[in-house]
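Reading the structure
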Amino acid sequence: YWEYVRRLASENGVDPNDSEAVRKFDRKRPKKMSNDDWQNPHDPEAKIGPTKAGAIDMFSEPEHTVDLDSGAILLAEVRLGHEADQKGLALHVLLAQVNINQAQERPSDSLTIQSATADKGYFAVAEMRQLQQEGIRTVISDPVPNRNFAKLAPPEAKAHLLDAGGARRTTLRGLANLNKRLKVSAAIYNLSQLMRKIWAVGTPKQWAAGAKPLGWIFLHLFAVHWSGFRKSILRWSGSGECSGAQS
């Protein structure tokens, strides 16, 4: 960052070797920066852009395509942080459809997705037209207030994966590594959904927590029956000794 500031200071007539002058210049200059002006030397693929909270930061944007009926993540991808949300919307939905068809052993061009839903940040006429041409109904609210008929809540899978799952922050660098981590996290999330569907538990910890009371019950029953069995053995052995003495 300071190399970038020293370059700006030099361009504005400030001695870049004077640390105090450079810091003074940095305090007074307008704090605006674009991806064309500066690049992170440690992660060139990290881009400057607005976060969901409204702040400007250097980040990458995770995107998820989720089945609203089952909650399964159909497609997970990390994109450049400065890209618009609606960019590539149709492509993401169609790739998710390809994943469904592969899992169900259908032809890749089969119409599996009936409708696509997103919040108003993904509203783009060109992207929606492409999906509708493929036979997919689009349910995306209009960002224009007087035409906004519905506001749809985003799927919970993203919140579970990023917030509860701890995948929102990472120390990895590069889109390739970030995509690997996100896809593994999405696969683990889908596995938890499958476990919850089959065994009514989503994680091994939940299974262990549910099995613990059952284990105590079996242990108590074993202790009770073992106590009765031990008493029977003692009575049998005692009666055997008495009969042996009488003979």
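Scoring rules and cut-offs
- Position numbers for residues count from 1 along each chain, tracking the sequence in the order it is written.
- For a predicted model such as this one, the threshold for reporting local features is a pLDDT of at least 70, and the threshold for listing and counting side-chain atom pairs is 80 or more; totals across whole chains, interfaces and linings nevertheless cover every residue.
- With hydrogens and water set aside, each side-chain value is computed from the structure's full complement of heavy atoms.
- Working definition: helices are DSSP H or I runs of at least four residues, strands are E runs of at least two. Numbering for both runs from the N terminus.
- When accessible area is computed with a 1.4 Å probe and restricted to protein chains, residues below 20% of their type maximum are described as buried, those above 50% as exposed, and intermediate ones as partly exposed.
- We get accessible surface area from the Shrake-Rupley algorithm with a probe of 1.4 Å; when it comes to residues, only the shown protein chains can shield them.
- Take the buried residues of types Ala, Val, Leu, Ile, Met, Phe, Trp, Tyr and Cys, join any two whose side-chain atoms come within 4.5 Å, and each joined set is a nonpolar core.
- It only takes one pair of heavy atoms within 4.5 Å for two residues to be counted as in contact.
- Grouping into patches uses exposed residues only, defined as over 30% relative accessible area, and leaves out salt-bridged ones; the cut-off is 9 Å for like charges and 5 Å for nonpolar side chains (Val, Leu, Ile, Met, Phe, Trp, Tyr).
- Within this document, salt bridges are pairs made up of a side-chain nitrogen of Lys or Arg and a carboxyl oxygen of Asp or Glu, the two lying within 4 Å of each other.
- Throughout, the arc means the angular range of directions from the helix axis out to the C-beta atoms.
- Values of pLDDT, the confidence the predictor places in each residue, fall between 0 and 100.
- Angular values range over 0 to 180 degrees, each being the angle between N-to-C directions of two axes fitted as lines to C-alpha atoms, with helices fitted over their stretch in contact.
- Just so you know how the angles are binned, under 35 degrees is roughly parallel, over 145 roughly antiparallel, 65 to 115 roughly perpendicular, and the rest oblique.
- When residues are grouped by polarity, Ala, Val, Leu, Ile, Met, Phe, Trp, Tyr, Cys and Pro land in nonpolar, Asp, Glu, Lys and Arg in charged, and all others, Gly among them, in polar.

**Overview of the overall build of the chain**
A count of helical and extended segments in the chain gives seven helices and five strands. For the chain, the succession of helices and strands along the chain, N to C, is α-α-β-β-β-α-β-α-β-α-α-α. The 247 residues of the chain split such that 30% are buried. Of the roughly 17400 Å² of accessible surface on the chain, a fraction of 57% belongs to carbon and sulfur atoms.

**What about the nonpolar core?**
Grouped together as the largest cluster of nonpolar side chains are 15 residues, with contacts concentrated most on Leu89, Val93, Ile113, Ala116, Leu131, Ile136 and Ile140. Considering every element that reaches this core, the biggest residue donor is helix 3 (residues 89-103), with six residues. When near neighbours in sequence (up to four residues on either side) are disregarded, Val93 contacts Ile113, Ala116, Leu131 and Ile136. Counting ten residues, the second-largest nonpolar core is a separate cluster that includes Val66, Ala76, Leu175 and Ala186.

**A word on a nonpolar patch on the surface**
Among the surface-exposed residues, Leu191, Leu194, Ile198 and Trp199 lie close enough to one another that they form a single nonpolar patch of about 450 Å² accessible area. Its place among the elements puts Trp199 in helix 6 (residues 175-199). Look at Trp199 and you get exposed, because its relative accessible area is 56%.

**Considerations on helix 4 (residues 125-133)**
All of the buried residues in helix 4 are Glu127, Met128 and Leu131. For helix 4, the buried positions fall inside an angular range of 95° around the axis, keeping them on one side. Along helix 4, the residues that are exposed and aim more than 90 degrees away from the buried face are Ala126 and Gln133. Those residues of helix 4 that are buried are in contact with helix 3, strand 4 (115-118) and strand 5 (137-140).

**Focus: the confidence of the model for the chain**
Per-chain confidence: the chain averages 75 in pLDDT, with 67% of residues scoring 70 or above. Here helix 7 (residues 204-246) is the element of the chain with the lowest mean pLDDT, 62, and helix 3 is the one with the highest, 89. This stretch, residues 148-154, has a pLDDT under 50; its non-local contacts, to residues over four places away or in other chains, come to nine contacts. Scored below 50 in pLDDT, residues 240-247 shows zero contacts in the model against residues more than four places distant or in partner chains.

**A closer look at the environment of Leu8**
Along the chain, Leu8 turns up in helix 1 (residues 2-11). For Leu8, a relative accessible area of 16% translates into the label buried. Counting along the chain gives 21 residues from Leu8 to Arg29, while the straight-line C-alpha distance between them is 9.6 Å. Contact partners of Leu8, with chain neighbours within four places excluded, come to Phe25 and Arg29.

**Re the packing of helix 3 against helix 4**
For the pair helix 3 and helix 4, interaxial distance at closest approach is 8 Å and the crossing angle is 30°. The pairing of helix 3 with helix 4 is recorded here as roughly parallel in orientation. Here Leu89, Ala90, Val93 and Leu94 of helix 3 lie close against helix 4, whose contacting residues are Glu127, Gln130 and Leu131. The residue inventory of the contact of helix 3 with helix 4, partitioned by class, reads five nonpolar, one polar and one charged.

**Here's the deal with the pattern of salt bridges**
A side chain of one charge can pair with a side chain of the opposite charge if their charged atoms are brought near each other. The final tally for this structure, using the stated rule, is two salt bridges. A salt bridge links Glu63 to Arg79; the nearest nitrogen and oxygen atoms lie 3.5 Å apart. With Glu63 in strand 2 (residues 56-66) and Arg79 in strand 3 (residues 73-80), the pair connects residues that are 16 residues apart, well separated along the chain. Residue Glu63 shares its accessibility class with Arg79, and that shared class is buried.

**Quick word on helix 1**
Buried within helix 1 we find Tyr4, Val5, Leu8 and Ala9. Here the buried residues of helix 1 occupy an arc of 140° about the axis, which is enough to place them on one side. Turned more than 90 degrees away from the buried face of helix 1, the exposed residues are Glu3 and Glu11. On the buried face of helix 1, the contacting elements are helix 2 (19-28). Residue Gly13 follows helix 1 closely and has a positive phi angle near 85°.

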